[in-house]
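# Analysis of the macromolecular model
Take a look at the letters that make up each chain.
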Amino acid sequence: MLVLTVGNSYVDIDGYASCIAYRELLKMRGEEAMFVTDALFNYSITNSLLESSYIKDDYTVSEEDTFIVLDLSNKEYFPRFVKEEKIVELIDHHRGFEEYWNSKLGDRAIIESIGAVATIIVEKYEQYNMFQKMDKKIALLLMAAILDNTLNFTADITSDRDIRAYKRLQELTGEIDYADIYFKESQEAILNNIEEAIVNDIKYQKENDKLPRIIGQLTIWDINDLNHSIIRQIMNNKGSNWIINIISLKDNISYIMCSDDAIEKDMILLLNGEQKKGFVVLKPAKLRKEIMVMK
Ligand SMILES: [Mn+2]
């Protein structure tokens, strides 16, 4: 059996959608394949997508099986059942292990700087002339993956290929407002457990003395759906000097909440931001990793 799989820590919608869509493409081409993972699914795989008729397979990997690894090239995160010498194909967009896999797999290793692995899967459907035969539910999974991994096409890693693939999926499904639908649903999952979402993504930095040590980040769809005092409370529990970068994808704006007025003043200067309704506002949005290198 040919087994498709992803990382063992948690699965996001890109790995999930890519495995399912690639499995269906292989089936259309007469090759049987299974999508096997034991990893937890994160909030990006929303309930409506989980309820799709396309799901992972209940299959126990055996000795003879071969593997296709997606959205992953760091061996540290390989599931235990994957045998490296049995990998027949690997597709990823995380950097750092390109040489290793190119030398092992040649052109069966595709590691590219692109917004989503899902985009590469869309291109595979096109290559094999199967794009028009793609099921709408599969197309929606791939659309969600591209939206999520490119942060609604705002992330630096976004390429023209992601934009083009998404447009084609939009035409295929007729889903014009899917970004709104998808991000609202994933935001709901974040807001239902806002403390976990914030606490699990706090960075404690020492490298930049222009910034406080504690820097949070929260990516949501619409800033207007947030309860500001709860966020302040969660951050105050972590320390007294902090900022949290709240990225509102709908309008592509960073709303930076600061622990106190002094830090707020520093941030307005450092980031060239505008003070608005208790935030330092940056348009277009900046990622935390960009803010952390500003001096
Ligand atoms: Mn990905």
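From a predicted model like this one, the values you see are computed outputs, not experimental measurements.

## Description of the packing of helix α1 (residues 13-28) against helix α5 (residues 136-149)
Between α1 and α5, whose axes approach to 8 Å, the crossing angle comes to 150 degrees. Put simply, α1 runs roughly antiparallel to α5. Crossing geometry of α1 relative to α5 is assigned as left-handed. Touching Ile13, Asp14, Tyr16, Ala17, Ile20, Ala21 and Glu24 of α1 are Ile138, Leu141, Leu142, Ala144, Ala145, Asp148 and Asn149, all from α5.

## Some words on the sheet that holds strand β8 (residues 202-204)
Spatially, the six strands line up as an open sheet ordered β8-β9-β10-β11-β13-β12, and their pairing is mixed. Each of the sheet's edge strands pairs with one partner strand only, and the pair in question is β8 and β12 (274-276). Neighbour-to-neighbour, the strand axes of the sheet open up by a mean angle of 25 degrees, direction not taken into account. Pairing of strand β9 (residues 214-220) with strand β10 (residues 242-248) involves seven bridges; the strand directions are parallel. Considered in β10, the bridge of glutamine 217 is made with asparagine 245. Here helix α9 (residues 228-236) sits on the sheet and contacts β8, β9, β10, β11 (253-258) and β13 (279-282); the angle it forms with β10, its principal contact strand, is near 140 degrees.

## Considering the coordination of the manganese ion
Donor atoms from the polypeptide that coordinate the manganese ion comprise Asp14 (OD), Asp71 (OD), His93 (NE2) and Asn149 (OD1), at 2.2 to 2.4 Å from the metal. Taken in sequence order, the residues that donate to the manganese ion follow the motif D-x56-D-x21-H-x55-N. Of the two residues, aspartate 71 is situated in the loop between β5 (66-70) and β6 (87-92) and asparagine 149 in helix α5; the sequence distance between them amounts to 78 residues. Neither aspartate 71 nor asparagine 149 differs from the other in exposure class; each is buried.

## Quick notes on the pairing of β10
Counting buried positions along β10 yields seven of seven residues, so the element is predominantly enclosed. In β10, alternate side chains face the same way, and those of Trp242, Ile244, Ile246 and Ser248 on one face and Ile243, Asn245 and Ile247 on the other are all buried. Chirality of the crossover, the property in question, places the unit of β9, α9 and β10 among those that are right-handed. Here β10 runs beside β11; their pairing, made up of six bridges, is antiparallel. The residue of β11 that forms the bridge with isoleucine 243 is cysteine 258. If you look at the hairpin formed by β10 and β11, you'll find four residues sitting between the two strands, and asparagine 252 has a positive phi there, around 55 degrees.

## Considering the pattern of salt bridges
In total, this model carries 17 salt bridges according to the counting rule given. Residue arginine 168 is joined to glutamate 126 by a salt bridge in which the shortest nitrogen-to-oxygen separation is 2.8 Å. Taken together, the residues span a long stretch of sequence, with arginine 168 in helix α6 (residues 160-173) and glutamate 126 in helix α4 (residues 117-127) at a distance of 42 residues.

## Thoughts on helix α10 (residues 261-271)
Within α10, burial applies to Ile263, Glu264, Met267, Leu270 and Leu271. For α10, the angular spread of the buried residues around the axis is 130 degrees, confining them to a single face. Turned more than 90 degrees from where α10 packs its buried face, Asp261, Lys265 and Leu269 sit exposed. Next to the buried residues of α10 lie β10, β11, β12, β13 and α11 (288-291). Measuring from the backbone nitrogen of alanine 262 back to the side-chain oxygen at the start of α10 gives 3.1 Å, which picks out aspartate 260 as the cap. A positive backbone phi angle near 55 degrees is found at asparagine 272, which sits one or two residues after α10.

## Comments concerning the domain arrangement of the chain
Under the domain assignment, the chain is made up of domain 1 (2-186) and domain 2 (194-291). The C-alpha centroid of domain 2 is placed 31 Å from the C-alpha centroid of domain 1. Contact residues are listed per partner, giving eight residues for domain 1 and six residues for domain 2. Of the roughly 680 Å² buried at the junction of domain 1 and domain 2 (both faces included), carbon and sulfur atoms supply 70%. At the boundary of domain 1 with domain 2, the tally comes to zero salt bridges. Here the residues of the side of domain 1 that touches domain 2 are counted per class, giving three nonpolar, two polar and three charged.

Rules behind the numbers
Numbers given for residues are sequential positions, taken from 1 along each chain in its written order. Local features in this predicted model are restricted to residues whose pLDDT is 70 or higher, and side-chain atom pairs enter the listing and the counts only when it is 80 or higher, whereas totals over whole chains, interfaces and linings include all residues. Just so you know, side-chain values use all the structure's heavy atoms and leave hydrogens and water out. Angular values range over 0 to 180 degrees, each being the angle between N-to-C directions of two axes fitted as lines to C-alpha atoms, with helices fitted over their stretch in contact. In DSSP terms, a helix is any run of H or I states spanning at least four residues, a strand is any run of E spanning at least two, and both are numbered starting from the N terminus. Angular relationships are summarised with four words: roughly parallel below 35 degrees, roughly antiparallel beyond 145, roughly perpendicular across 65 to 115, and oblique for the angles in between. If you view the pair so one helix is near and one far, a crossing is left-handed when the near helix is turned anticlockwise from the far one by less than a right angle, and right-handed when it is turned clockwise. Here, residues are in contact when the closest pair of their heavy atoms is within 4.5 Å. Two strands pair under a simple rule: DSSP has to find at least two bridges between them. Distances decide who is a donor: an N, O or S atom must be within 2.8 Å of the metal, or within 3.2 Å for Na, K and Ca. Water is not included, so sites may look incomplete. Only protein chains enter the accessibility calculation, which uses a 1.4 Å probe; a residue is then buried when its area is under 20% of its type maximum, exposed when over 50%, and partly exposed in between. Here is how to tell: hold the view so the strands point away, follow the path from the first strand over the helix to the second, and if it runs clockwise the crossover is right-handed. Salt bridges are defined as contacts in which a side-chain nitrogen from Lys or Arg sits within 4 Å of a carboxyl oxygen from Asp or Glu. Read the arc as the range of directions from the helix axis to the C-beta atoms. We define a polar contact as two N or O atoms separated by no more than 3.5 Å, with the added condition that, inside protein, one atom must be a possible hydrogen donor and the other a possible acceptor, whereas residues neighbouring each other in sequence contribute only through side-chain atom pairs. Domains are outlined according to an automatic or database domain assignment. Defined in terms of a 1.4 Å probe, buried area is the accessible area two parts forfeit on being brought together, summed over both. Throughout this entry, Asp, Glu, Lys and Arg are counted as charged residues, while Ala, Val, Leu, Ile, Met, Phe, Trp, Tyr, Cys and Pro are counted as nonpolar. The remaining residues, Gly among them, count as polar.

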